[in-house]
Amino acid sequence: MTGIATRADAERLDAGDPLGRFKDAFDLPDGVIYLDGNSLGPLPKATPARLEEVARREWGGDLIKSWDKHGWMDYANRLGDKIAGLIGAGDGEVVVADSTSVNLYKVLSAALRMRPGRTKIVSEIGNFPTDLYIAQGLTGADSGRELLMAEKAGIVPAIDGDTAVVSLTQVDYRTGEMHDMAAMTEAAHAAGAIMVWDLSHSAGAVPVGLNAANADMAVGCGYKYLNGGPGAPAFLFVAERHQNSFEQPLSGWIGHARPFDFLPDYEPADGVSRYLCGTPGIIAMAALEVGVDLMAEADMSAIRRKSIRLSELFIERVEATCGEYGLELISPRSPEIRGSQAGFTHSNGYPVMQALIERGVIGDFRAPDILRFGFTPLYLGFADVWDAVEILRDVLASGVWTGEKYSRRGMVT
Ligand SMILES: *Cc1c(COP(=O)(O)O)cnc(C)c1O
């Protein structure tokens, strides 16, 4: 029980909230309650000015001199170090590059090469599609390798002496269920396998302890809880102990030890930088940095405490007021093993979500039948959550979602 029984209780909590000041750092449209920051984080107010500066002063004013003058050349590493602070990694262990999908390709390939003779990638049924698709691409017909997908309880039993790599997403994108990172990593290591974590729904959402868990490699997304903007560059972690002993297949010139020697043969850079491939997108990194700086300013344990309280309030109110309309919680009931989101199934989840969005409560729909709501303590308050549930109840009670227009599907759900 949250002890929040009225909207006035929720308002009181907002008034005393130490994270409350961050709301003003985001540019959210009036009348919107945004419960989809787990899919695309909103625009920080400081981002447009920073983009203007990079475009006009750095690119426009200093042209190619900017690579040195404005630190463009090691931007991916500096920003990586900032992200490292959010995920329990050390300096020099994280770099910003490419997309999460491309980084998965590099990391899984590197892990396979570190375990020659082993042929299996173990992953989870229901893992995020791109994680499975990339693994499928690496284990195709004539590869001599195999992707084994297991239900959650079957993952550890599936790891054996033939397993090169275990690849899992820490927080399930649909249900929010969270793996025990340390225990799973230990199980992978016990069989001699490399452990790869996808932190797309973890970074900026829950405290992550990569080094505390002895993780090997990880990837994650910049445009969700890190608020880096649509298609923001992703990040990638490799533990210090592996840094000079891995090879990745996208051996581009920016990951070379001395790119400006223009040598004919590839020689990998030391450290995490060998995961770089081509010229980084400076403008996109500048946007990501604004989001990461905001996140780094807030205390991650305060974020987690508030996230749990917001999601507990949401679940409690949905169950108290919408119970008769066929919503079923699909997320773990225990907040300890739930990320910063809550999902409910509904047999008409898609039109219900569309009607809700039209009324200003933006969550999303995940096939086949899940209404998904993300809780982002930097810009979401308790009264927002209270109101969101009132509007959801109204949509369900009135049956407005049965209107024909709500069933038409867009490209993105
Ligand atoms: C969002 C997400 C991705 C995104 O991959 P992109 O290459 O950025 O499209 C990957 N994995 C997981 C688990 C995600 O949630």
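Residues numbered from 1 in each chain as written. Predicted model: local features only at pLDDT ≥ 70, side-chain atom pairs only at ≥ 80, totals over all residues. Heavy atoms only, no water.

**Topic: the overall build of the protein chain**
Then step 1. Broken down by element type, the protein chain carries 12 helices and 13 strands.
Then step 2. In terms of overall size, the protein chain behaves like a compact globule, its C-alpha atoms giving a radius of gyration of 22 Å where 413 residues would be expected to give roughly 22 Å.
Then step 3. Projected onto its principal axes, the C-alpha positions of the protein chain cover 70 × 55 × 40 Å.
Then step 4. Looking at the protein chain residue by residue over its 413 residues, the buried ones come to 54%.
Then step 5. Contacts spanning at least 24 positions in sequence make up 72% of the contacts within the protein chain whose residues lie at least 6 apart.
Then step 6. Total accessible area on the protein chain is roughly 17100 Å²; 54% of this is exposed by carbon and sulfur atoms.
Then step 7. Of note, the protein chain has its 38 positive side-chain charges centred 2 Å away from the centre of its 55 negative side-chain charges. (Helix = DSSP H or I, 4+ residues; strand = E, 2+ residues; numbered from the N terminus. Rg over C-alpha atoms; globule rule 2.2 N^0.38 Å. Buried < 20%, exposed > 50% of the residue type's maximum accessible area, 1.4 Å probe, protein only. Contact = heavy atoms within 4.5 Å. Areas by Shrake-Rupley, 256 points an atom, 1.4 Å probe, with all protein chains shown as cover. Lys, Arg positive; Asp, Glu negative; His and termini not counted. Charge placed at Lys NZ, Arg CZ, Asp CG, Glu CD.)

**What to know about the packing of helix α4 (residues 75–84) against helix α9 (residues 282–297)**
Then step 1. Running from N to C, α4 and α9 point in directions that differ by 20°, and their axes come no closer than 10 Å. The angle between α4 and α9 places the two elements in the roughly parallel class. Here the hand of the crossing between α4 and α9 comes out left-handed. Contact with α4, carried on its side by Y75, A76, L79, K82 and I83, involves I282, M285, A286, L288, E289, V292 and D293 of α9 and no other residues of that element. (Axes fitted to C-alpha atoms, helices over the stretch in contact; angles between N-to-C directions. Parallel < 35°, antiparallel > 145°, perpendicular 65-115°, else oblique. Left-handed = near helix turned anticlockwise from the far one by under 90°.)

**Some details on the site of the ligand**
Then step 1. Lining the immediate surroundings of the ligand are S99, T100, S101, F128, T130, D131, T169, D198, S200, H201, Y223 and K224.
Then step 2. Between the ligand and T100, the relevant distance is 3.4 Å, taken from an oxygen atom to a main-chain nitrogen or oxygen of the residue.
Then step 3. Within the side chain of S101, a nitrogen or oxygen atom sits 2.6 Å from an oxygen atom of the ligand.
Then step 4. Where the shell around the ligand is concerned, the elements lending two or more residues are α5 (100–114) and α6 (129–138).
Then step 5. Of the residues assigned to the shell around the ligand, the class counts are two nonpolar, seven polar and three charged. (Near = heavy atom within 4 Å. Polar contact = N/O pair within 3.5 Å; in protein donor to acceptor, adjacent residues only side chain to side chain. Nonpolar A, V, L, I, M, F, W, Y, C, P; charged D, E, K, R; others polar.)

**What about the sheet that holds strand β6 (residues 194–198)?**
Then step 1. What the seven strands build is an open sheet, ordered β2-β8-β7-β6-β5-β3-β4; its pairing is mixed. Of all the strands in the sheet, the pair left with one neighbour each is β2 (94–97) and β4 (146–150). Sheet twist, expressed as the mean angle between neighbouring strand axes with direction ignored, is 20°.
Then step 2. The pairing of β2 with strand β8 (residues 234–238) spans four bridges and is classified as antiparallel. Pairing of A97 across the sheet is with A234, part of β8.
Then step 3. Packing against the sheet, α4 makes contact with β2 and β8, and its axis sits at approximately 120° to β2.
Then step 4. Of the strands in this sheet, β5 (163–169) and β6 touch helix α8 (residues 181–190), which is tilted by about 150° from β6. (Pairing = 2+ DSSP bridges.)

**Here we look at the sheet that holds strand β13 (residues 370–374)**
Then step 1. Spatial ordering of the open sheet is given by β9-β10-β13-β12, a layout of four strands whose pairing is antiparallel. The open sheet has two edge strands with one neighbour each: β9 (328–329) and β12 (364–366).
Then step 2. Inspection of the sheet shows strand β10 (residues 341–345) paired to β13 by five bridges, in the antiparallel sense. Each bridged residue has a counterpart across the sheet, and for T345 the counterpart in β13 is I370.
Then step 3. Packed on one face of the sheet, helix α10 (residues 300–321) meets β9, β10 and β13 and runs near 20° to β10.
Then step 4. Here helix α11 (residues 349–358) sits on the sheet and contacts β12 and β13; the angle it forms with β13, its principal contact strand, is near 40°.

**Structural notes on the state of the cysteines**
Then step 1. Taken as a whole and assessed by the stated rule, the structure comprises zero disulfides.
Then step 2. C221 takes part in no disulfide bond, and the closest cysteine sulfur, belonging to C277, lies 19 Å away.
Then step 3. Assessed through its relative accessible area of 2%, C221 is described here as buried. (Disulfide = S-S within 2.5 Å.)

**A short note on the domain arrangement of the protein chain**
Then step 1. For the protein chain, the assigned domains are domain 1 (7–43 + 299–407) and domain 2 (71–297).
Then step 2. Measuring from the centre of the C-alpha atoms in domain 1 to the corresponding centre in domain 2 gives 29 Å.
Then step 3. Between domain 1 and domain 2, roughly 2200 Å² of surface is buried when both sides are summed, and carbon and sulfur atoms account for 61% of that area.
Then step 4. Sorting the residues of domain 1 by area buried against domain 2 places N38, M300 and Q341 first, and these three jointly supply 22% of that buried surface.
Then step 5. Counting every contact that joins domain 1 to domain 2 gives one salt bridge. (Domains from an automatic or database assignment. Buried area = accessible area lost by both parts, 1.4 Å probe. Salt bridge = Lys/Arg side-chain N within 4 Å of Asp/Glu carboxyl O.)

**Brief notes about the pattern of salt bridges**
Then step 1. If you walk through the whole model with that rule in mind, you get 31 salt bridges.
Then step 2. The partner of D24 in a salt bridge is K45, with the nearest N and O atoms 2.8 Å apart. Of this pair, D24 sits in the loop between α1 (7–15) and β1 (33–34) while K45 sits in the loop between β1 and α2 (47–62), and the two are 21 residues apart along the sequence.
Then step 3. With a relative accessible area of 57%, D24 lands in the exposed category.
Then step 4. Between K69 and D62 there is a salt bridge, with the nearest N and O atoms lying 3.2 Å from each other.
Then step 5. Classification of K69 as exposed rests on a relative accessible area of 54%.

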